[in-house]
Amino acid sequence: MLARWTLRVSVRISLFLWVISLITLGFCSELKVRVRLPDGQITNEVLEADSERDSITLEYKQGDGTLITFVADFKQDVKIFRALILGELERGQSQYQALCFITRLNRNEIIPSESMARLRQKNPHAIRTAEERRGVEQMTVNVAVNLTRSWQLSAHIHNMCSVAREAVYTREADVKHWLERGVEGSMFELLPQTADTPGLQSCSSAQDVWQPCSCSYGLRLEWYPCLLKYCRNRDTTGRGNPYKCGIKSCSKGYHFTYYVPHKQLCLWDGET
């Protein structure tokens, strides 16, 4: 009797866990892709789709060891870039420096999270190169973001950008859009501009490491699914019925310019 009851409970628990695992798999999936970088090195890129939170995360390591993370939050139409840059201890820097850039997510920049969740690789060992290499988008991110109120923009920002502390930036044009949607203005602080600060140089030309300057940082998403491909089936009447038959992969660069209180926070700018 006890043995039968124990067996029933065991089966019910097993079925319950199996159902829970199916639900979890339905909400979140992971794809690992081998991608060739511009310098010829191969990196392992991880793409994660969370259909419950309607978001996509992309992460890879550059040849110099910098860890790049990108999040597309479709619910809030926000995209987040984070760079964890290895510091140069001999130049007085900490072990790593974190940067976060937050901008609006436009339609059709990347495929939807539910489509990403269904992606599979026929050959996971293949080395991928993007079908379309897009240009570099120039962004002046002249507004600092207060992390304590960032949940109004996206629930992902605090987890992603807490390591960046004071180095969380966005564009003034995006701030105007968010203010119109009811986001609190106290979350943002306009940074000094070149026009407002006579003598403000680019960090690449500044001589004193403790003087304020205009910093530049560039990154590139080397491989991501940017579009869905559609094919057509011909039925008995000769009409074509479109259906999803694959993805198009893209590569896109981003160049951010922003104010820093001293060049020590931007030692890479101008280096070759």
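This structure is a prediction, so every number in the text was calculated from the model and none was measured. (Residues numbered from 1 in each chain as written. Predicted model: local features only at pLDDT ≥ 70, side-chain atom pairs only at ≥ 80, totals over all residues. Heavy atoms only, no water.)

Draft legend 1. Main features of unusual backbone geometry. The residue Asp54 is not glycine, and still its phi comes out positive at about 55 degrees. By the secondary structure assignment, Asp54 is in the loop between β2 (42–50) and β3 (55–61). At Asp77, a residue that is not glycine, the phi angle is positive and equals roughly 55 degrees. Note that Asp77 resides in the loop between β4 (67–73) and β5 (78–86). (Helix = DSSP H or I, 4+ residues; strand = E, 2+ residues; numbered from the N terminus.)

Draft legend 2. The sheet that holds strand β10 (residues 168–170), seen in detail. If you walk across this open sheet you meet the ten strands as β7-β1-β2-β3-β4-β5-β6-β10-β9-β11, and the pairing is mixed. Two strands bound the open sheet, and with one partner strand each, they are β7 (127–128) and β11 (188–190). Sheet topology note: the strand β6 (residues 96–104)/β10 ladder contains three bridges and is parallel. By the bridge assignment, Ile102 is partnered in β10 with Thr170. (Pairing = 2+ DSSP bridges.)

Draft legend 3. Molecular detail of the pairing of β2. Relative to β2, strand β1 (residues 28–36) is paired through nine bridges, and the arrangement is antiparallel. From the neighbouring strand, Val35 faces β2, where its bridge partner is Thr43. Connecting β1 to the antiparallel partner β2 that follows it, the hairpin turn spans five residues, and Gly40 within it adopts a positive phi of roughly 95 degrees. Bridging between β2 and β3 involves five bridges; their strand directions are antiparallel.

Draft legend 4. Structural context of the layout of surface pockets. Considering only enclosed or pocket space, the largest pocket measures out at about 690 Å³ in volume. For the largest pocket, the lining is made up of 30 residues, of which Ala164, Arg165, Glu166, Ala167 and Tyr169 are closest to its centre. Looking at the lining of the largest pocket element by element, the count peaks at four residues for β6. Of the residues that constitute the lining of the largest pocket, the class distribution is 20 nonpolar, seven polar and three charged. Put simply, the second largest pocket is a space of about 500 Å³. Looking at the second largest pocket, it is lined by 26 residues, and the ones nearest its centre are Gln62, Asp64, Thr66, Tyr217 and Gly218. (1 Å grid on protein atoms, 1.4 Å probe; cavity = no way out; pocket = protein on both sides within 12 Å on 5 of 7 lines; lining within 4 Å. Points joined across faces, edges and corners; volume = space filled by probe spheres on them. Nonpolar A, V, L, I, M, F, W, Y, C, P; charged D, E, K, R; others polar.)

Draft legend 5. Examining the pattern of salt bridges more closely. By the definition in use, this model includes eleven salt bridges. Here Lys252 and Glu137 are joined by a salt bridge, their closest N and O atoms 3.0 Å apart. Here the residue Lys252 occupies a position in strand β14 (residues 240–260), and Glu137 occupies one in strand β8 (residues 132–140), the gap between them amounting to 115 residues. The exposure class assigned to Lys252 is buried, which follows from its relative accessible area of 16%. Ionic contacts of the salt-bridge type, sharing partners, join the residues Glu137, Arg171, Asp174 and Lys252 into one network. (Salt bridge = Lys/Arg side-chain N within 4 Å of Asp/Glu carboxyl O. Buried < 20%, exposed > 50% of the residue type's maximum accessible area, 1.4 Å probe, protein only.)

By themselves these figures say nothing about function.
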